[in-house]
Amino acid sequence: MSRLGGVNGTVCNVQQYQQSLASETSPDPTITCLTHGQTIGLTLIAETSFLSLLCVMVLFILIGRNVLRYRKVLPNGGWRLLQTPADIYLLTLFIFNIIMALGGVLNVRWAHNGIVTTGSYCTAQGIIQQSGELGVALTILLLGTHTFVTALWSVGIEARRPAFGLVGLICVFIALWVGLGNGLNKKYETPTPYWCFISHRYFAERLSGSYIWIWIALFASIVLYIPVYFWATGRLLVNNRSLNRSQLGTPNRRATLRLLLLPLAYLLSILPLTATHWWAHQSVPSAVLFFNASMLNLSGAFEVVLFLFSQTQLLLFAPPVFEPELPQLSAVDLANDSQELCSCQLSKRSRNTMVQSGEDSSQGLHDVI
């Protein structure tokens, strides 16, 4: 961390400090001079982001272990890592969590230098941060919709191709939106003010390319998951079917309830920061922004912990079950077995006929006597 010997407890000289002040002629400064407390706040964001990054990487190591275990127990196949749409959406969610965490880790440079400036590093952080946040929001929206439809109506449980298509559309949308925004606009990613994101002068792009999707994901999480929760606990009837107590403990319903925890973690982590975005950064204390951003960057860690402790069977976390294959019989073997079976049946019939004849002869002799 740089020594703070500049103007007003920052590392900036007089000229840099003047550039960092917003004015009517420069409402969106391209430089931010950080105080000692603000550098501590950015350090906290970088540390929480690194913690989420570490948790997700550990999860991917465990998924790799699962793949190796399945290959060892079931070498002939019969299994997939992405067996269901839920597997696809969860893996996509954790990948976007990695991207979002990387954007937070990049704050370590601003904390070390004590100043946030525009440039290639700032642009890279803005692109990574926007891609990660948008990807997580859209994936949470897909996961919520999928859970709602499959839980209540059992539709699309095995629809893998549509799931891959939807994930592909998300990636294309993010690539086009972020790429065109940075390619067509000047100074698109600037200090806002403590980290780099879409500039305030492009508020419409920030709203349509980030905030609106986050709020849609939050709204959908509430609207979709509340009826799913009541359905899973037996308080909601679907298609006029009643639920008895024995059905409430089925594995599918327990898995659905556990899956509700992931969007709940996202809801609790993103809500404080998105609420503060509706006010100007200058009117919100920096400590509040740093705390809210730290909570957002911890969402990846929260989701990993909840996923691992939910005892889910997704992403090959269910133990592999070896089922021995029955021997394959050729046509000749089947013909021989059929002949032997027919011979056995004929022999049995002959024996029965002989026994019956003997009984009839005995009966006839008894009548003569």
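Look up: the structure comes first, before these words.
Attention here is on the structure that accompanies the text. (Residues numbered from 1 in each chain as written. Predicted model: local features only at pLDDT ≥ 70, side-chain atom pairs only at ≥ 80, totals over all residues. Heavy atoms only, no water.)

Some details on the nonpolar core
The line we're drawing: Here the nonpolar core consists of buried residues drawn from Ala, Val, Leu, Ile, Met, Phe, Trp, Tyr and Cys, with membership extended through side-chain atoms lying within 4.5 Å. Three labels apply to residues, based on accessible area from a 1.4 Å probe with only protein chains included: buried if under 20% of the type maximum, exposed if over 50%, partly exposed otherwise in between. Numbering of helices and strands runs from the N terminus; a helix is a DSSP stretch of H or I covering at least four residues, while a strand is a stretch of E covering at least two. In this analysis, two residues are considered to be in contact whenever any of their non-hydrogen atoms come within 4.5 Å of each other.
Ranked by internal contacts, the top residues of the largest apolar core, which has 56 residues, are L59, L90, F94, V136, Y266, F307 and L315. Mapped onto this core, the elements with two or more residues apiece are helix 2 (36-73), helix 3 (85-105), helix 5 (120-153), helix 6 (160-184), helix 7 (203-232), helix 9 (261-276) and helix 11 (299-309). Top contributing element to this core by residue count: helix 3, with 11 residues. In contact with Y266, other than residues within four places in its own chain, are V136, A137, I140, I214, A217, L218 and E303. The next biggest cluster of nonpolar side chains, apart from the first, holds 14 residues, and it includes I45, W110, V116 and V284.

Concerning the environment of K186
Checked against the element boundaries, K186 lands in the loop between helix 6 and strand 3 (189-191). C-alpha separation for the pair K186 and S199, spaced 13 residues apart in sequence, amounts to 9.8 Å.

Concerning the packing of aromatic side chains
Filter applied, for reference: Only centres within 6.5 Å qualify two rings of Phe, Tyr or Trp (six-membered ring in Trp) as a pair; their planes then separate them into stacked at under 30 degrees, edge-to-face at over 60, and tilted for everything else.
By the definition in use, this model includes 10 aromatic pairs. On the basis of an interplanar angle of 90° and a centroid distance of 5.2 Å, the ring pair of W110 and Y121 is categorised as edge-to-face. Within this pair, whereas W110 is found in helix 4 (residues 107-113), its partner Y121 is found in helix 5, the two being separated by 11 residues in sequence. We classify Y121 as partly exposed; its relative accessible area is 23%. Note on Y194 and F290: the rings are 5.1 Å apart at their centroids and 55° apart in plane angle, and the pair reads as tilted. Note that Y194 is positioned in the loop between strand 3 and strand 4 (196-198) and F290 in helix 10 (residues 286-297), a separation of 96 residues in sequence. A network of ring pairs unites the aromatic residues F94, F307 and F317 as a single cluster.

A few points about a nonpolar patch on the surface
Under the convention used in this document: Without a salt bridge and with relative accessible area above 30%, a residue can belong to a patch; like charges are then joined within 9 Å and nonpolar side chains (Val, Leu, Ile, Met, Phe, Trp, Tyr) within 5 Å. Calculation of accessible area relied on Shrake-Rupley with a 1.4 Å probe; when residues are assessed, cover is drawn exclusively from the protein chains displayed. For this analysis, a salt bridge means a side-chain nitrogen from Lys or Arg found within 4 Å of a carboxyl oxygen belonging to Asp or Glu.
On the surface, F219, I222, V223, I226, Y229 and F230 cluster together into a nonpolar patch covering about 550 Å² of accessible area. By the secondary structure assignment, Y229 is in helix 7.

Notes on unusual backbone geometry
Cis rather than trans, the peptide bond between T192 and P193 has omega equal to -10°. Phi is positive for K187, which is not a glycine, with a value near 50°. With respect to the helices and strands, the residue K187 is situated in the loop between helix 6 and strand 3. Backbone geometry places L315, a non-glycine residue, at a positive phi of 55°. Mapping L315 onto the fold places it in the loop between helix 11 and helix 12 (331-368).

Here's the deal with the packing of helix 3 against helix 11
When two helices pack together, their arrangement is given by the angle between the helix axes and the distance between those axes. Condition: Structural elements are reduced to axes, namely lines fitted to C-alpha atoms, with helices fitted over the stretch in contact, and the angle between N-to-C directions of any two is expressed from 0 to 180 degrees. Roughly parallel covers angles under 35 degrees, roughly antiparallel covers those over 145, roughly perpendicular covers 65 to 115, and oblique covers all other angles. Crossing handedness follows the turn of the near helix against the far one: under a right angle anticlockwise gives a left-handed crossing, and clockwise gives a right-handed one.
Where helix 3 contacts helix 11, the axes come no closer than 9 Å and their chain directions differ by 150°. When the axis of helix 3 is compared with that of helix 11, the two are roughly antiparallel. With respect to the hand of their crossing, helix 3 and helix 11 are arranged in left-handed fashion. Facing helix 3, whose interface residues are L90, L93, F94, N97 and M100, helix 11 presents S299, G300, E303, V304 and F307.

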